[in-house]
Amino acid sequence: MALFEVDGWNLKTTNVKVGGKENKSNRKRKQKEAELSEELSGGLGKSRGGDVPAQDVKNKKAKKNKSSKKDVSTEKSNDTRNEPKDIMKEDTTPSAPPQLDLPSRKLTPLQQKMMAKLTGSRFRWINEQLYTITSDAALKLVKEQPSIFDEYHDGFRSQVKSWPENPVDVFVNEVKGRSQRPVNAPGGLPGLQKDKKVVIADMGCGEAQFAADIQKFLKERNGPKKGKGKKHQHRLDIDVHSFDLKKANERITVADIRNVPMEDNSCTVVIFCLALMGTNFLDFIQEAYRILAPNGELWIAEIKSRFSDKEGKGDEFVNALKLMGFFHKKTDDDNKMFTRFEFFKPPQNILAERQAKLERKKKFIEHEDEKEELQKKRGKVPEGKWLLKPCIYKRR
């Protein structure tokens, strides 16, 4: 049954249920959208010109009353509220919010405002789902309803426009700046030992804008030099592997980013640009550790409001990643919207030195206990509920 119907529109939805009952926030969202729909419906009626004839109004009311009686009788016959339920068989997979088929004619300013509210409501719903379900459930959701991916990124682009800078641009500039030095040199990009190739995995890449910008940069940088006296630069070889829930373009490989199709130790940089979504995001960090070569780097950008520690600087987050094997290089919190982190995967000789140091200070067992405690805590409460808070936009 449609959430509401307006001529020229097609909005389809099913209820989000948790434990057999309709989610309270979903009911409020439906009520608000219904109110917006009624206002928008009135606007569309007027935009077609003139008043509706009295006889037509009378006929419509008669049809409406007849339909209402039929609905009541159907509801009575289908009422199973008093019947026993098998809780284990109830479907808790989130269903999608209304899908909006926009009218082809030009909307009035009032209708455009109403449409913006409905679109914003849908974006908030999708965003909330991606932060509060596991990564495999998110992949299933997008496979079943591919339009969700596009609508989310349309809404996200609208949000980022108001930010001082886009974190994707920051990471692109990081590559450009560090490419001025030779690969594997101090201050340069990390590369594979055998051929100095820089292999980057962009996890949760969205529409793979990072890969597109790097490709453009390499074309300009490695192209033929024009003019006399220009100093020749060393050639830079970078491969970017982009992973996300939908193949929005040819640059993207579809994958749950807790399990990507790359070999162990085959990557030199892993990027999570606002991509630690889902309740099991530490699985993504484990996967990054697996595919990174020794001395490979982990780059992360995350919204500041997500950090659960009192200062909001992400110290608890950093400690959790250190327990998972990474060494912390630096934290950059100059941006007012997001914080950037850099970690690296230590080679075996550094790991041995660290273990010896902990044993001398009689802290090795304590360190191992902390790692075990982290895993136990994850087993009881997913890290998406305490280590990084979900990024939920306020309803307006």
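Residues numbered from 1 in each chain as written. Predicted model: local features only at pLDDT ≥ 70, side-chain atom pairs only at ≥ 80, totals over all residues. Heavy atoms only, no water.

- Per an unreviewed UniProt entry, the protein chain is named Ribosomal RNA-processing protein 8, and its organism is Cyberlindnera fabianii.
- The Subcellular location (unreviewed entry) comment attached to the protein chain in UniProt states, word for word, "Nucleus, Nucleolus". (UniProt positions renumbered as here; feature names shortened; annotations may be inferred.)

### Here we look at the overall build of the protein chain
Okay, so step 1: Along the protein chain, the regular secondary structure elements total 11 helices and 9 strands.
Okay, so step 2: Burial analysis of the protein chain (396 residues in total) assigns 41% to the buried set.
Okay, so step 3: Contacts in the protein chain between residues far apart in sequence, at least 24 positions, make up 74% of those at least 6 positions apart.
Okay, so step 4: When the accessible surface of the protein chain is split by element, carbon and sulfur atoms take 50% of a total near 23,700 Å². (Helix = DSSP H or I, 4+ residues; strand = E, 2+ residues; numbered from the N terminus. Buried < 20%, exposed > 50% of the residue type's maximum accessible area, 1.4 Å probe, protein only. Contact = heavy atoms within 4.5 Å. Areas by Shrake-Rupley, 256 points an atom, 1.4 Å probe, with all protein chains shown as cover.)

### Overview of helix α6 (residues 167-178)
Okay, so step 1: Relative to the 16 Å expected for 12 residues at 1.5 Å per residue, α6 spans 17 Å between its end C-alpha atoms, a close match to the ideal helical length.
Okay, so step 2: Every buried residue of α6 is accounted for by Pro167, Val168, Val170, Phe171, Val172, Glu174, Val175 and Arg178.
Okay, so step 3: Capping the start of α6 is the job of one residue whose side-chain oxygen sits 2.9 Å from the backbone nitrogen of Val168: Asn166. (Expected span 1.5 Å × (residues − 1). Polar contact = N/O pair within 3.5 Å; in protein donor to acceptor, adjacent residues only side chain to side chain.)

### Focus on the nonpolar core
Most often, soluble globular proteins keep nonpolar side chains buried together rather than apart.
Okay, so step 1: The biggest cluster of nonpolar side chains holds 42 residues, and the ones touching the most others in it are Val175, Ile200, Phe210, Ile238 and Ile271.
Okay, so step 2: Of all the secondary-structure elements, those providing two or more residues to this core are α3 (109-132), α4 (135-144), α5 (147-160), α6, β3 (198-203), α7 (209-222), β6 (267-273) and β7 (292-303).
Okay, so step 3: With residues up to four places along the chain from it excluded, the contact list for Ile238 reads Val175, Leu189, Val198, Ile200, Ile214 and Leu218.
Okay, so step 4: Ile291, Ala320, Phe343 and Leu388 belong to the second largest nonpolar core, which has 38 residues in total. (Core = buried A, V, L, I, M, F, W, Y, C linked by side-chain atoms within 4.5 Å.)

### Let's talk about unusual backbone geometry
A negative phi angle characterises most non-glycine residues, just as the trans form characterises most peptide bonds.
Okay, so step 1: The phi angle at Leu274 is positive, at roughly 55 degrees, despite the residue not being glycine.
Okay, so step 2: Within the secondary structure, Leu274 is located in the loop between β6 and α8 (282-291).
Okay, so step 3: Assessed through its relative accessible area of 9%, Leu274 is described here as buried.

### What about the packing of α6 against α7?
Two measures define how a pair of helices packs: the angle their axes make with one another and the distance between the axes.
Okay, so step 1: The N-to-C vectors of α6 and α7 enclose an angle of 30 degrees; their axes lie 10 Å apart at closest approach. The orientation of α6 with respect to α7, classified from their angle, is roughly parallel. Seen from above, α6 lies across α7 with right-handed handedness. Within the contact between the two elements, α6 uses Val168, Asp169, Phe171, Val172, Val175 and Lys176 and α7 uses Gln209, Phe210, Asp213, Ile214 and Phe217.
Okay, so step 2: When its residues are assigned to classes, the contact of α6 with α7 shows 7 nonpolar, 1 polar and 3 charged. (Axes fitted to C-alpha atoms, helices over the stretch in contact; angles between N-to-C directions. Parallel < 35°, antiparallel > 145°, perpendicular 65-115°, else oblique. Left-handed = near helix turned anticlockwise from the far one by under 90°. Nonpolar A, V, L, I, M, F, W, Y, C, P; charged D, E, K, R; others polar.)

### Section: the sheet that holds β6
Sheets are built from strands that pair by backbone hydrogen bonding, the pairs being arranged parallel or antiparallel.
Okay, so step 1: The strand order across the open sheet formed by 7 strands is β5-β4-β3-β6-β7-β9-β8, and the pairing between neighbours is mixed. The open sheet has two free edges, formed respectively by β5 (252-254) and β8 (327-332), since each of these has just one partner strand. When strand polarity is set aside, the average angle formed by the axes of neighbouring strands in this sheet is 20 degrees.
Okay, so step 2: The sheet contact formed by β6 and β7 spans 6 bridges and is parallel. (Pairing = 2+ DSSP bridges.)

### A word on the environment of Gln193
Okay, so step 1: Residue placement: Gln193 occurs in the loop between α6 and β3.
Okay, so step 2: The sequence separation of Gln193 and Thr268 amounts to 75 residues, and the corresponding C-alpha distance is 9.9 Å.

### A short note on the packing of aromatic side chains
Okay, so step 1: For the structure shown, the criterion picks out 12 aromatic pairs.
Okay, so step 2: An angle of 20 degrees between the planes, with centres 5.9 Å apart, marks the rings of Phe171 and Trp299 as stacked. With Phe171 in helix α6 and Trp299 in strand β7, this residue pair connects regions lying 128 residues apart in the sequence.
Okay, so step 3: Of the residues examined, Phe171 reaches a relative accessible area of 2% and is grouped as buried.
Okay, so step 4: Relative to Phe343, the ring of Phe326 has its centre 6.4 Å away and its plane inclined at 65 degrees; by these criteria the two rings are edge-to-face. Here the residue Phe326 occupies a position in the loop between α9 (315-323) and β8, and Phe343 occupies one in strand β9 (residues 338-344), the gap between them amounting to 17 residues. The two residues Phe326 and Phe343 agree in class, both being buried.
Okay, so step 5: Among the aromatic residues, those joined into a cluster by ring pairs are Tyr289, Phe307, Phe317, Phe326, Phe341 and Phe343.
Okay, so step 6: A cation over a ring is seen here: Lys377 above Trp386, with NZ or CZ 4.0 Å from the ring centre. (Phe/Tyr/Trp six-rings, centres within 6.5 Å; stacked < 30°, edge-to-face > 60°. Lys NZ or Arg CZ within 6 Å of the ring centre and 35° of its normal.)

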